Structure formats: structure tokens, C-alpha cells
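Listed below are the residues making up each chain.
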Amino acid sequence: MNFHEVRFPANLSFGSVGGPVRRTEVVTLANGFEERNTPWAHSRRRYDAGLGMRSLDDIETLIAFYEARQGQMFGFRWKDWSDFKTSKATEEVSFDDQVIATGDGHTTRFQLSKTYRSGEYTYQRPITKPVLGSVRIGIEQDELKETVDYTLDLTTGEVVFVHPPTEQLQIVAGFEFDVPVRFDTDGIQTSVASFQAGDVPNVPVVEVRV
């Protein structure tokens, strides 16, 4: 896939606006009841990078980044400041933040994930772009060591254990992560006069499947 393993400047994404988007098909029946269905198993995030611009230097950085990605051609990493780690926003990442799977005694390859909970309902989101140096893995109460007990693919978010985890044991993880995205426009229109007057450019960014 056309993807560059480079992160959009985090100081510029800090002021952006965006979040998860779902696609739901709603059909209203003759009796007033509804039938709802979704073709998407996972949400797709959208952002506006233009709102993070605070100076003309920021605009210059944005244009350079956009040109290096050839517009929509190449994807890149994006830090979503409202949701970028497995722990609570005010806490540090711990190796047992999330249960990502349960061992079966045979499988050695597992996908990193983050689980969202509301009451008795949950949603498990696959994480494909963990941040270098932030990932911690464990089995039950024991934290493991990377390269000794497992290897990690930072481009896919897959963890491969040296030995398959024992059956029924929980595999836990904690990490920071980026969102794989691309620009969702073939052009960026900027004006120095408009920017100085408080008008920021519209720079849509959309999540991509990897």
C-alpha cells in the first residue's frame, strides 16, 4: 500500500478537530419502526488539519508535508490527541491496560487492539500503527521483554511471540498509537491576508485501512 511511515507534525494536529465516523443505513418501515444496518465493522476517523495552523511557518510546514505525500497519493501517521493511548488520558501507559487476546497454546501472532466500553457493551478496535518505544506486552501479571519474548511489527501492529501463550491465559498490552490517514483533497488553498485575518485553510484528512 502507498503509505509513508512518517507522522504529521504533532504540534499541528493538536489544534485539529475530528473523530470517528460511522456509516449506518436506516430504513423506516410503514409502521414507523426502523431497520438499521451498517456495512462497516469499524469506524473511520476524519479530521481537519487546517484548524491547527497558528502561524505562516505552520502553513509552510503543512504545504511541504502535503507535497511530500503527493496530495492524496501516500498515507501517513496522525496523532489524534483525544485518543492516542490505551490508558486514561491522565494516566501513564501500563503493560496491562488492555486484554488483546487469550492464548490457545498454538497461536503466536496477535493483533494489537483497544477496547472501548460503555456499560455491558464493548467495541474492539484493531491498532495497526503503534508508536515506537511505547509498546509494553504481558501475559496475565507478568510483563514480557521485546526481542526476548516477542517481536513487534510497527507497520502492522502485530505481535509475534517466541513461544505460543498458554491456553486460557490473557495477553495484555499497553501502548500509544497513531491513526493511518491520507489527505482527502487534491488541493490546498491558502492566502496570507486571509490567514492573518483569522481565516484558516480547510485541510481534510481521512483514515485509511491498512
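Being a predicted model, the structure only gives us computed values, none of them experimental.

1. Some details on the sheet that holds strand β17 (residues 204-207)
Then, number 1: Read from one edge to the other, the open sheet built from 6 strands follows the order β1-β6-β16-β17-β5-β2, with strand pairing classed as mixed. Unpaired on one side and paired on the other, β1 (3-7) and β2 (17-21) mark the two borders of the sheet. Direction aside, the axes of adjacent strands within the sheet are offset by 30° on average.
Then, number 2: Where β1 meets strand β6 (residues 75-78), 2 bridges bridge the pair, whose relative direction is parallel. Bridge pairing in β6 links Phe3 to Gly75.

2. What about the layout of surface pockets?
Where empty space is left becomes clear once a probe the size of a water molecule has been rolled over the atoms.
Then, number 1: Counted as a void, the largest pocket has a volume near 210 Å³.
Then, number 2: Along its surface, the largest pocket is lined by 16 residues, and Pro126, Thr128, Glu207, Val208 and Arg209 are the ones closest to its centre.
Then, number 3: Taken together, the elements giving at least two residues each to the lining of the largest pocket come down to β10 (121-126) and β16 (179-183).
Then, number 4: Looking at which element gives the most residues to the lining of the largest pocket, the answer is β10, with 3 residues.
Then, number 5: Here the residues of the lining of the largest pocket sort into 8 nonpolar, 3 polar and 5 charged.

3. Digging into the sheet that holds strand β8 (residues 109-111)
Then, number 1: One open sheet holds the 3 strands; their spatial order is β8-β14-β13, and the pairing between them is antiparallel. Each edge of the sheet is formed by a strand with only one pairing partner; in this case those strands are β8 and β13 (150-153). Across the sheet, the mean angle from the axis of one strand to that of its neighbour is 20°, orientation sign disregarded.
Then, number 2: Bridge count between β13 and strand β14 (residues 158-161): 4 bridges; the pairing is antiparallel. Within β14, the residue paired with Thr151 across the bridge is Val160.

What counts, and where the lines are drawn
Residues numbered from 1 in each chain as written. Predicted model: local features only at pLDDT ≥ 70, side-chain atom pairs only at ≥ 80, totals over all residues. Heavy atoms only, no water. Pairing = 2+ DSSP bridges. Helix = DSSP H or I, 4+ residues; strand = E, 2+ residues; numbered from the N terminus. Axes fitted to C-alpha atoms, helices over the stretch in contact; angles between N-to-C directions. 1 Å grid on protein atoms, 1.4 Å probe; cavity = no way out; pocket = protein on both sides within 12 Å on 5 of 7 lines; lining within 4 Å. Points joined across faces, edges and corners; volume = space filled by probe spheres on them. Nonpolar A, V, L, I, M, F, W, Y, C, P; charged D, E, K, R; others polar.

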